[in-house]
Amino acid sequence: MRRIVVTGMGAVTPLAADVETSWSRLLAGHSGLRKLPDDMVGDLPSKIGGLVPSVEEDPEAGFDPDKLLAQKDQRRVDRFIVFALAAADEALVQAGWAPVSEADRLRTATIIASGVGGFPP
């Protein structure tokens, strides 16, 4: 078996768009659940869910997709892909890893997990 080392983490959650704030808010007992907008849920019986906060909703730790991709590129991918890119970027920054050689790039891996995947509008 080959050994691996986790050197950085990234997260985009309903609590915040970074690991540190998500963790501190979780430990403080905060919840990312809230009433969902009527236009999102329609006549579904459940009206509560977790939404990733925007920068406008949470200036301290909201999600800003424009930091990662141009708006035209955002329209080409599911939103969860933009979340995954943000989390991967945070993990690489946290790790201090910016591979430049081909050998270093081949020694780099990212594991991405999504509970459901995309929901087209």
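Residues numbered from 1 in each chain as written. Predicted model: local features only at pLDDT ≥ 70, side-chain atom pairs only at ≥ 80, totals over all residues. Heavy atoms only, no water.

1. Details of the side chain of Gln-74
So, step 1. Relative to the helices and strands, Gln-74 is located in helix H3 (residues 71-74).
So, step 2. When sequence neighbours within four positions are dropped, the list of residues in contact with Gln-74 reads Pro-65, Asp-66 and Leu-69. (Helix = DSSP H or I, 4+ residues; strand = E, 2+ residues; numbered from the N terminus. Contact = heavy atoms within 4.5 Å.)

2. Here's the deal with the pattern of salt bridges
So, step 1. A complete count under the given rule lists six salt bridges for this structure.
So, step 2. With a shortest N-O distance of 3.6 Å, Glu-102 and Arg-105 are connected by a salt bridge. Remark: Arg-105 and Glu-102 occur in helix H5 (residues 102-106); sequence separation between them is three residues, near one turn of the helix.
So, step 3. When its relative accessible area of 45% is taken as the criterion, Arg-105 is described as partly exposed.
So, step 4. Here the residues in one salt-bridge network are Arg-25, Asp-58 and Glu-60, joined through shared partners. (Salt bridge = Lys/Arg side-chain N within 4 Å of Asp/Glu carboxyl O. Buried < 20%, exposed > 50% of the residue type's maximum accessible area, 1.4 Å probe, protein only.)

3. Here's the deal with the packing of aromatic side chains
So, step 1. The tally for this structure, following the rule as stated, stands at one aromatic pair.
So, step 2. Pairing Phe-63 with Phe-83 gives two aromatic rings, centres 4.9 Å apart and planes at 80 degrees, and the pair type is edge-to-face. With Phe-63 in the loop between strand E2 (48-50) and H3 and Phe-83 in helix H4 (residues 79-95), the pair connects residues that are 20 residues apart, well separated along the chain. (Phe/Tyr/Trp six-rings, centres within 6.5 Å; stacked < 30°, edge-to-face > 60°.)

4. Here we look at the confidence of the model for the protein chain
So, step 1. Scored by pLDDT, the protein chain comes out at a mean of 90, with 93% of its residues at no less than 70.
So, step 2. Predicted confidence in the protein chain is weakest over helix H2 (residues 38-41), with a mean pLDDT of 88, and strongest over helix H1 (residues 19-27), with 98. (pLDDT = per-residue confidence, 0-100.)

5. Comments concerning H4
So, step 1. Taking 1.5 Å per residue, 17 residues should reach 24 Å; H4 reaches 25 Å between its end C-alpha atoms and fits that length.
So, step 2. Listed as buried for H4 are Val-82, Phe-83, Ala-84, Ala-86, Ala-87, Ala-88, Glu-90 and Ala-91.
So, step 3. Where H4 is buried, its residues contact H1.
So, step 4. Of the residues trailing H4, Gly-96 is marked for its positive phi of about 70 degrees. (Expected span 1.5 Å × (residues − 1).)

6. A short note on a nonpolar patch on the surface
So, step 1. On the surface, a cluster of nonpolar side chains totalling about 360 Å² of accessible area is made up of Ile-4, Val-6 and Met-9.
So, step 2. Examined against the element boundaries, Met-9 turns out to sit in the segment before H1.
So, step 3. A relative accessible area of 46% places Met-9 in the partly exposed class. (Patch = residues over 30% accessible without salt bridge, like charges linked within 9 Å, V, L, I, M, F, W, Y side chains within 5 Å. Areas by Shrake-Rupley, 256 points an atom, 1.4 Å probe, with all protein chains shown as cover.)

7. Structural notes on the environment of Ser-54
So, step 1. Counting through the fold element by element, Ser-54 comes out in the loop between E2 and H3.
So, step 2. At 3.2 Å, the side chain of Ser-54 forms a polar contact with the side chain of Glu-56. (Polar contact = N/O pair within 3.5 Å; in protein donor to acceptor, adjacent residues only side chain to side chain.)

8. Comments concerning the side chain of Ser-22
So, step 1. Among the structural elements, Ser-22 can be located in helix H1.
So, step 2. Overall, Ser-22 belongs to the buried group, its relative accessible area being 8%.
So, step 3. A polar contact is formed between the side chain of Ser-22 and the backbone oxygen of Ala-16, at a distance of 3.2 Å.
So, step 4. When neighbours within four sequence positions are excluded, Ser-22 is seen to be in contact with Thr-13, Leu-15 and Ala-16.

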